[in-house]
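# Working through the structure, step by step
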Amino acid sequence: MLASGRSDADADATRCEYEVKTSGRPRDPESGCTGRTQFQIMCSEHGTVRKPHSLKLFADPAAAAHRQEHRAALAIR
């Protein structure tokens, strides 16, 4: 489970692979990336989860909540 980012520079909304700071700005200012504008939670089982978040600060707790849903489902079995 991870929060993947999208960049303004990616006109086709492809996934941004640049390393970024917690602010969403690129670590390497020479990369040409404008920074991430949204963070989407990705699950290996469900694909995209919920709506994208504007800050990673909000995406991380949502990802943790989704992981907890998986744990709860396993506990019921």
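You'll find the structure just up there.
Residues numbered from 1 in each chain as written. Predicted model: local features only at pLDDT ≥ 70, side-chain atom pairs only at ≥ 80, totals over all residues. Heavy atoms only, no water.

## Details of the overall build of the protein chain
Tallying secondary structure elements over the protein chain gives one helix and four strands in all. The order of helices and strands in the protein chain, counted from the N terminus, is β-β-β-β-α. In the protein chain, which comprises 77 residues, the proportion classed as buried is 31%. Contacts in the protein chain between residues far apart in sequence, at least 24 positions, make up 37% of those at least 6 positions apart. In the structure as shown, the protein chain presents an accessible area of about 5,400 Å², 52% of it carried by carbon and sulfur atoms. (Helix = DSSP H or I, 4+ residues; strand = E, 2+ residues; numbered from the N terminus. Buried < 20%, exposed > 50% of the residue type's maximum accessible area, 1.4 Å probe, protein only. Contact = heavy atoms within 4.5 Å. Areas by Shrake-Rupley, 256 points an atom, 1.4 Å probe, with all protein chains shown as cover.)

## Concerning the nonpolar core
If you look at the biggest cluster of nonpolar residues, it comprises five residues: I41, C43, V49, A62 and A63. Of all the secondary-structure elements, those providing two or more residues to this core are β3 (36-43) and α1 (56-76). Those residues in contact with V49 that lie beyond four places of it in its chain are Q40, I41, C43 and H66. (Core = buried A, V, L, I, M, F, W, Y, C linked by side-chain atoms within 4.5 Å.)

## Some points on α1
For α1, built from 21 residues, the straight-helix expectation of 30 Å at 1.5 Å per residue is met to within 8% by its first-to-last C-alpha distance of 31 Å. For α1, the full list of buried residues reads A59, A62, A63 and H66. Each buried residue of α1 sits inside an arc of 105 degrees when the element is viewed along its axis, so together they form one side. Facing away from the buried surface of α1 by more than 90 degrees, the exposed residues are L57, P61, A75 and I76. (Expected span 1.5 Å × (residues − 1). Arc of directions from axis to C-beta.)

## Thoughts on unusual backbone geometry
Within the chain, R50 stands out as a residue other than glycine whose phi angle is a positive 60 degrees. By the element assignment, R50 lies in strand β4 (residues 47-53).

## Let's talk about the pattern of salt bridges
Evaluated as defined, the whole model comprises one salt bridge. One salt bridge in this structure joins R50 and E69, with 2.7 Å as the shortest N-O distance. With R50 in strand β4 and E69 in helix α1, the pair connects residues that are 19 residues apart, well separated along the chain. You can call R50 partly exposed: its relative accessible area is 45%. (Salt bridge = Lys/Arg side-chain N within 4 Å of Asp/Glu carboxyl O.)

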